[in-house]
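Residues per chain, in single letters:
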Amino acid sequence: MRPMPTATDSLVSWSTVDLRRAIGDRTISPVELLRACLDRIQALNPYLNAITATCYDRAMKEAREAEQDVLRGLPLGALHGLPLGVKDLEETEGLLTTFGSPMYRAHVPAADNLMVGRMRRAGAIVVGKTNVPELGAGANTRNPVWGATGNPFDPRLNCGGSSGGSAVALATDMLPLCTGSDTGGSLRIPAAKCGVIGFRPSPGLVPVERRALGWTPISVVGPMGRSMDDVGLHLSAIAGRGDCDPLSYDVDATAFASLRPRDLGSLRVGYTVDFGVCDVDDDIRRVFRARIEAMRHLFKRCDEVQADLGAAHRCFDVIRAANYVARYRDAYEADPNNLGPNPRANYEMGASMTLADHTAAHLDQTRMFKAFQTLYRDYDIILAPTTPVSPFPWTQLALDRINGKPQENYYRWLALTYVVTLMTNPALSMPCGRDHAGMPFGMQVIGGFRQDLALLEICKSLEWAWARQPDLARPLPDLARLRAQPPVDFRTGIVTAPPDAALARGDAGARRAAGSVDVAV
């Protein structure tokens, strides 16, 4: 093993693929990588509050074991020795899992869920949990247990959600691997707002153990990453049939670990700024159209498209709300105050619906699905904005207006992603330069039905091409500027004093005050 590097920042910024390769050839040790990540978390998490419950001591023990496996020449998994952050909606053995809800403030699972278990078996080392909205409801990562998570480009602004903590941890190189999940856009929206990649796979590609309504395909779990190759490597460890999920199916997961670039010059690209039904801020419309003009020369054709998705809002309302009734009926009936405002609104919406409402929603979803798939007779991918607005302050629970138009409920502003959820096509958000406010701009790329591998390989080529155009390249947060500012209190939004010496040393009490504490049991 080589000596510890003098500049750990360069190590944590390596791609996940490069880190795994370097561990395998003994260029770096899992122990030095974990130490570098812990140093980065200690330095940055007080300014962002992305990492919540942690298990640093156990992680270091596992890193030493992973190092010994390398030295002994034992077979190594795809993620061997890579530090992992797990979204706080996924159960982790022996590590506090709160779902961002006071109901689960002391919940320590006895076992990992399927996805986490697969990543551990592939060699990943769980370091801690990443922050979420309460019960995953909404795209603003804040909850009454851990507080809010700030955007790495401006911690006063929201980072999206519900996989917000994961997106922030990746964007700031705190961790090379983080998990996410997506119902209405929870992988894609925080990726867009933080300048990383969030991939919503086809339902069933990655089994979902916690989906209450197993045959309803709107909720998925999947990878996030800083590059397409990183996303592919992550996916290779978690894809494939699982008996817990009736939608899952067999797949050669290893194919995702080696993405082959596709010829952009042969690509037929459709695009839409609003799917004909989504409210989008005028500035975002202009940014999106400018991006299309900047890249259309790369493709064989690039045309504006439209499909009849007029029933999407009511359809999503019904199907989403049914999931909340299935999961939280007992908690609500015991005491409605067990649920915060967003989860409670979802539950009450679902409880008021009739069988006729559910039937109409599924009929509409089927009709819209068929109409949407006809676009892929002429196009290989569809492009759209990921979010309709630039990040707003996280002190505002949800966006209530777009272009002055009131939004019907707290999640209506997520329509650009949830209309795609209803179609069940694989989709991801890729960083594509900055928006009019200087914040990351996310381009939503939607693949053909069950064409996950093709979509990832197309996006690998897009990533390469965009990196060579300054207006389209992935933006990076200014971490020196971030640390030069006084931290924000992530419960009140008030600017606080700089971290004290105890926090700099990583003392448990100070970490708890900053929203992170070692709580493995």
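Every value quoted in this text rests on a predicted model; they were computed, and no experiment measured them.

1. Focus: the overall build of the chain
Move 1: Looking only at helices and strands, the chain has 17 helices and 18 strands in total.
Move 2: In terms of overall dimensions, the chain is globule-like: its C-alpha atoms have a radius of gyration of 21 Å, near the 24 Å expected for 521 residues.
Move 3: For the chain, the spread of C-alpha atoms along the three principal axes comes to 60 × 55 × 45 Å.
Move 4: Expressed as a percentage of the 521 residues in the chain, the buried residues total 63%.
Move 5: By sequence separation, contacts in the chain at least 24 residues apart represent 76% of the contacts at least 6 residues apart.

2. Observations concerning the environment of Val126
Move 1: Of note, Val126 is situated in strand β3 (residues 125–130).
Move 2: Considered as a pair, Val126 and Gly81 are 45 residues apart in the sequence and their alpha carbons are 9.9 Å apart.
Move 3: Excluding anything up to four places from it in sequence, Val126 contacts Cys55, Ala59, Glu62, Leu84, Val86, Leu95, Val116 and Arg120.

3. Section: the environment of Ile292
Move 1: Mapped onto the elements, Ile292 comes out in helix α9 (residues 282–295).
Move 2: Since its relative accessible area comes to 0%, Ile292 is described here as buried.
Move 3: The sequence separation of Ile292 and Arg20 amounts to 272 residues, and the corresponding C-alpha distance is 35 Å.
Move 4: Filtering out sequence-adjacent residues up to four positions away, Ile292 remains in contact with Tyr271, Cys302 and Leu383.

4. Some words on the pattern of salt bridges
Move 1: Counted according to the given criterion, the structure contains 32 salt bridges.
Move 2: Here Glu457 and Arg260 are joined by a salt bridge, their closest N and O atoms 3.6 Å apart. Of the two residues, Glu457 is situated in helix α14 (residues 452–466) and Arg260 in the loop between α8 (228–238) and β11 (268–271); the sequence distance between them amounts to 197 residues.
Move 3: The exposure class of Glu457 is buried, given its relative accessible area of 1%.
Move 4: Put simply, Arg412 and Glu408 hold a salt bridge, and the shortest N to O gap is 3.2 Å.
Move 5: The exposure class of Arg412 is buried, given its relative accessible area of 6%.
Move 6: If you follow the salt bridges from partner to partner, you end up with Arg58, Glu62, Glu93, Asp112 and Arg120 in one network.

5. Regarding helix α13 (residues 415–423)
Turn by turn, an α-helix covers 3.6 residues, leaving residues three or four places apart pointing in a common direction.
Move 1: Counting buried positions along α13 yields 9 of 9 residues, so the element is predominantly enclosed.
Move 2: Two residues or fewer after α13 comes Thr424, characterised by a positive phi angle close to 70 degrees.

6. A look at the side chain of His313
Move 1: Inspection of the secondary structure assignment puts His313 in helix α10 (residues 312–334).
Move 2: The class of His313 is buried, set by a relative accessible area of 17%.
Move 3: In this view, His313 contacts Val277, Arg412, Ala415 and Tyr418; residues no more than four positions away in its chain are not counted.

7. Notes on the packing of aromatic side chains
Move 1: Summed over all chains, the structure comprises 12 aromatic pairs.
Move 2: Ring geometry for Phe99 versus Tyr104: centroids 4.8 Å apart, planes at 70 degrees, classification edge-to-face.
Move 3: In this structure Phe99 comes out as buried when scored by relative accessible area, which is 9%.
Move 4: You can call Tyr104 partly exposed: its relative accessible area is 27%.
Move 5: Between Phe392 and Trp413 the ring centres are 5.2 Å apart and the planes differ by 75 degrees, which places this aromatic pair in the edge-to-face class. Residue Phe392 is found in the loop between β13 (381–385) and β14 (401–402), and its partner Trp413 is found in the loop between β15 (405–406) and α13; the two are separated by 21 residues along the sequence.
Move 6: Among the aromatic residues, ring-to-ring pairing joins Phe316, Tyr410, Tyr411 and Tyr418 into one connected group.
Move 7: It is Arg320 that lies over the ring of Tyr411; its NZ or CZ is 4.6 Å from the centre.

8. Notes on the packing of helix α5 (residues 114–121) against α8
Any two packed helices are characterised by how steeply their axes cross, that is the angle between the axes, and by the distance between the axes.
Move 1: Viewed as axis vectors pointing N to C, α5 and α8 meet at an angle of 105 degrees, and their least axial separation amounts to 8 Å. When the axis of α5 is compared with that of α8, the two are roughly perpendicular. Counted together, Met115, Arg118 and Met119 of α5 and His234, Ala237 and Ile238 of α8 form the full contact between these two elements.
Move 2: The residue makeup of the contact of α5 with α8, split by class, is 4 nonpolar, 1 polar and 1 charged.

9. A look at the packing of α10 against α13
Move 1: Axis separation between α10 and α13 bottoms out at 10 Å; the angle between their running directions is 75 degrees. Regarding the angle of α10 to α13, the classification is roughly perpendicular. For the pair α10 and α13, the contacting residues are Ala312, His313, Cys315, Phe316 and Ile319 in the first and Ala415, Tyr418, Val419, Thr421 and Leu422 in the second.
Move 2: Tallied by class, residues from the contact of α10 with α13 come to 8 nonpolar, 2 polar and no charged.

10. Considering the nonpolar core
Move 1: Judged by nonpolar contacts, the single largest core of 159 residues is most densely connected at Phe275, Val445, Leu462 and Trp466.
Move 2: Excluding residues that lie within four positions of it along the chain, Trp466 makes contacts with Met295, Leu298, Met430, Pro431, Cys432, Met443, Leu472 and Ala473.

11. Let's talk about the pairing of strand β10 (residues 220–225)
The side chains of a regular strand alternate, first on one face of the sheet and then on the other.
Move 1: The element β10 is largely enclosed, with a buried count of 6 among its 6 residues.
Move 2: Sheet topology places strand β8 (residues 177–182) next to β10; 4 bridges connect them, and they run antiparallel. Following the sheet pairing, Thr179 is matched in β10 by Pro223.
Move 3: Pairing analysis gives 2 bridges linking strand β9 (residues 197–200) to β10, with the strands arranged antiparallel. Of the residues in β10, the one forming a bridge with Gly198 is Met224.

12. Details of the pairing of strand β7 (residues 154–158)
Move 1: The element β7 is largely enclosed, with a buried count of 4 among its 5 residues.
Move 2: Note that strand β6 (residues 150–151) and β7 share 2 bridges and pair antiparallel. Counterpart to Asn151 in the pairing with β7 is Asp154.
Move 3: What sits between the antiparallel neighbours β6 and β7 is a turn of 2 residues.

13. So, the side chain of Arg40
Move 1: Checked against the element boundaries, Arg40 lands in helix α3 (residues 30–48).
Move 2: Using a relative accessible area of 8% as the deciding quantity, one classes Arg40 as buried.
Move 3: Among the polar contacts made by the side chain of Arg40, one reaches the main-chain carbonyl oxygen of Thr172 at a distance of 2.6 Å.

Conventions used here
Residues numbered from 1 in each chain as written. Predicted model: local features only at pLDDT ≥ 70, side-chain atom pairs only at ≥ 80, totals over all residues. Heavy atoms only, no water. Helix = DSSP H or I, 4+ residues; strand = E, 2+ residues; numbered from the N terminus. Rg over C-alpha atoms; globule rule 2.2 N^0.38 Å. Buried < 20%, exposed > 50% of the residue type's maximum accessible area, 1.4 Å probe, protein only. Contact = heavy atoms within 4.5 Å. Salt bridge = Lys/Arg side-chain N within 4 Å of Asp/Glu carboxyl O. Phe/Tyr/Trp six-rings, centres within 6.5 Å; stacked < 30°, edge-to-face > 60°. Lys NZ or Arg CZ within 6 Å of the ring centre and 35° of its normal. Axes fitted to C-alpha atoms, helices over the stretch in contact; angles between N-to-C directions. Parallel < 35°, antiparallel > 145°, perpendicular 65-115°, else oblique. Nonpolar A, V, L, I, M, F, W, Y, C, P; charged D, E, K, R; others polar. Core = buried A, V, L, I, M, F, W, Y, C linked by side-chain atoms within 4.5 Å. Pairing = 2+ DSSP bridges. Polar contact = N/O pair within 3.5 Å; in protein donor to acceptor, adjacent residues only side chain to side chain.

Purely spatial values, then, with no claim about function.
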